[in-house]
Protein chains: 2
Amino acid sequence: MTPRIVELRQGILKKNDQLAAGLRGRFRAAGVYVVNLVSSPGSGKTLLLEKTLAALKDAGIRTAALVGDLETENDAQRLARSGVPVRQIQTHGICHLEADMVERHLKGWDLSHLDILFIENIGNLVCTSSYDLGESCRVALLSVTEGEDKPRKYPSLYHSADVALITKIDLAEVCEFDREAAHASLLDVRPGLRLIETSAKTGQGMEEWLGFITRKAVEPEL
Amino acid sequence: MTPRIVELRQGILKKNDQLAAGLRGRFRAAGVYVVNLVSSPGSGKTLLLEKTLAALKDAGIRTAALVGDLETENDAQRLARSGVPVRQIQTHGICHLEADMVERHLKGWDLSHLDILFIENIGNLVCTSSYDLGESCRVALLSVTEGEDKPRKYPSLYHSADVALITKIDLAEVCEFDREAAHASLLDVRPGLRLIETSAKTGQGMEEWLGFITRKAVEPEL
C-alpha cells in the first residue's frame, strides 16, 4: 500500500475506535453484554446463533441480535423465528461491520431491557478483526471443515478473540479433523485462549458455550 | 463510506484495472493461460491445486503457481512438493491479491515456457472479486460444508466467476448438502455458469475439471 493509503486506513480505524469506545460506554451503562461473532463464511455462525437465542429465551435471558450481510436479509428472517428482536445490517459490498453501522441499527431499541446483544459479523477472517464494535466479548468460530491451519494463516482474527468455538464437531471424524493440531494452532496464535468444541446440530458442547456466555454476561471479569 | 473514501477506493481499483490490463496483454503474448482461484478460507483451494498441478505435470502440461497468504509460507511449501515452480505472495494483512503483487512475483520467470499459471487468492468472498489480476479465467469454489446460500449472500464473487467448482462433494451426504438449492443459488447469481462438482480427496469430478481447464488453455474462447 502507498503511504497515503496506509495513513487513510489508520484514520478510518482511529475514527472507528473512537465510535466503538462510545458504544462500549453506552452498552456498559445500559448493563447489556455484547458478543461479536466472527469467522469464515459457512462456519456455522447463524445456526449457532439460532440455537443460542432459542436456549437463552427459554432460560429467561433477554437477548437481541444484529446480523451483518452484504446483500440479503436471509439471516435476519431466519433468526426472527426465535422470537427475539433481530435486525439486519446490509453492508452493500463492505467486507466487515463497523461501529457506526452498529450504532445506526440500535435506534429505537431500549438497551437497558436487554441482557445480551449478539452481533453476527460478515464472514471474513481478515478485516473483521480490525474493527472494534464496542463488544464485551469477541467469539471466533473455526469449523472442523476449514482445516486446522486457519488460525496460523489468519492470525489477527484469532489473536483478537476472547474465546474460540470449534464448530461442526459432529463432522470431525468424516473430515479427518486433527484436534491436537487445531488446538495447537489456536493456542500458538493466542496462548491460553479458551476453546469450546460445539455442534449446533447435535447439541454437543452447547451447554458449555451457553454456560460460558451467560456467566460472562453476569460477571464480565470472570 | 464517506465520499472521500469511495473516491479513493475507485482510484485504487482503477489503477489495479490498468495494471491488470497490462498483465493480461503480457500473459497473452507469452501464450500462458492464467487461472485465478477464489473462495472462502477452507473451501479446499490448496488441495485442489496440489492435485491439479500433479495431474497436469503427468500430462506434460507446464504449470506454475502463485499462492497468496496473509502471513505464512505453508501453502507454497506444500505445493512445491509437486515439483512445479511455486511462489508465495504474503500480503501482510491485506485481504486480497492485487495486480501489482502478482506482477512483482513474476520476476525471473519466463512466461513463454508455461502453459498454465495458477493464482491461489486469499480466502475471502468479498474483496477478492473486485481486483482483476489479469487472469484468463476466474474459478470460484463453493464447498458443500459452507451452505447452499453463500452465492446469494456473496453475489459479486460468484457473479464474476467463469466457472464454479462445488468442492468436497464426498461430504455432501453427511453435510445434508442440498444440491438443487446450491445449483439454483449459483445460477441465480450467474445464469448459465458452468458448474463442476469435485472432490480432490476421492478424485470425483477431477477429470471433468482437468479436461475443462486444459481445453480452455488451448482454446480460451471455447
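These lines cover the structure that appears in this document, whether it is placed above or below. Note that this is a predicted model, so its numbers are computed, not measured.

Quick word on the relation of the copies chain B and chain A
The second copy of the chain is related to the first by a rotation about an axis and a shift along the axis.
Then, number 1: Laying chain B over chain A is done by rotating through 180° and shifting 0.0 Å along the axis; what remains is an RMSD of 0.0 Å. Such values leave the two copies arranged in the relation of a two-fold axis.

Some thoughts on the interface of chain B and chain A
Then, number 1: Taken together, the contact pairs 36 residues of chain B with 36 residues of chain A.
Then, number 2: Both sides together, the interface formed by chain B and chain A hides about 3,100 Å², and carbon and sulfur atoms give 63% of it.
Then, number 3: Per-residue buried area on chain B facing chain A is highest for B:Leu8, B:Pro41 and B:Lys153; these three make up 19% of the total on that side.
Then, number 4: Here chain B and chain A share six salt bridges between them.
Then, number 5: The closest approach of N and O atoms between B:Lys201 and A:Glu176, which form a salt bridge, is 3.0 Å.
Then, number 6: Here chain B is connected to chain A by nine residue pairs in polar contact (both at pLDDT 80 or more).
Then, number 7: Of all the secondary-structure elements, those providing two or more residues to the side of chain B that touches chain A are α1 (3–30) and α5 (150–153) of chain B.
Then, number 8: In terms of residue count, the dominant contributor to the side of chain B that touches chain A is α1(B) (four residues).

Re the sheet that holds strand β1 (residues 33–38) of chain A
Residue and element names in this part refer to chain A.
Then, number 1: Ordered in space as β3-β2-β4-β1-β5-β6-β7, the seven strands form an open sheet in which the pairing is parallel. With partners counted over all chains shown, the strands left at the sheet margins are β3 (86–90) and β7 (194–197), one partner each. For this sheet, the mean angle separating the axes of adjacent strands, direction not counted, is 20°.
Then, number 2: Pairing of β1 with strand β5 (residues 137–143), which is carried by four bridges, proceeds in the parallel orientation. Bridging across to β5, Leu37 finds its partner in Val139.
Then, number 3: Contacts from helix α7 (residues 179–189) reach β5, β6 (163–167) and β7, with the element oriented near 150° to β7.
Then, number 4: Each of β1, β4 (116–120), β5, β6 and β7 is contacted by helix α8 (residues 206–218), which is oriented at about 140° to β7, the strand it contacts most.

About the thresholds
Residues numbered from 1 in each chain as written. Chains lettered and ligands numbered in written order. Predicted model: local features only at pLDDT ≥ 70, side-chain atom pairs only at ≥ 80, totals over all residues. Heavy atoms only, no water. Least-squares fit on C-alpha atoms with pLDDT ≥ 70 in both. Contact = heavy atoms within 4.5 Å. Buried area = accessible area lost by both parts, 1.4 Å probe. Salt bridge = Lys/Arg side-chain N within 4 Å of Asp/Glu carboxyl O. Polar contact = N/O pair within 3.5 Å; in protein donor to acceptor, adjacent residues only side chain to side chain. Helix = DSSP H or I, 4+ residues; strand = E, 2+ residues; numbered from the N terminus. Pairing = 2+ DSSP bridges. Axes fitted to C-alpha atoms, helices over the stretch in contact; angles between N-to-C directions.

Function cannot be inferred from these measures alone, as they are strictly geometric.
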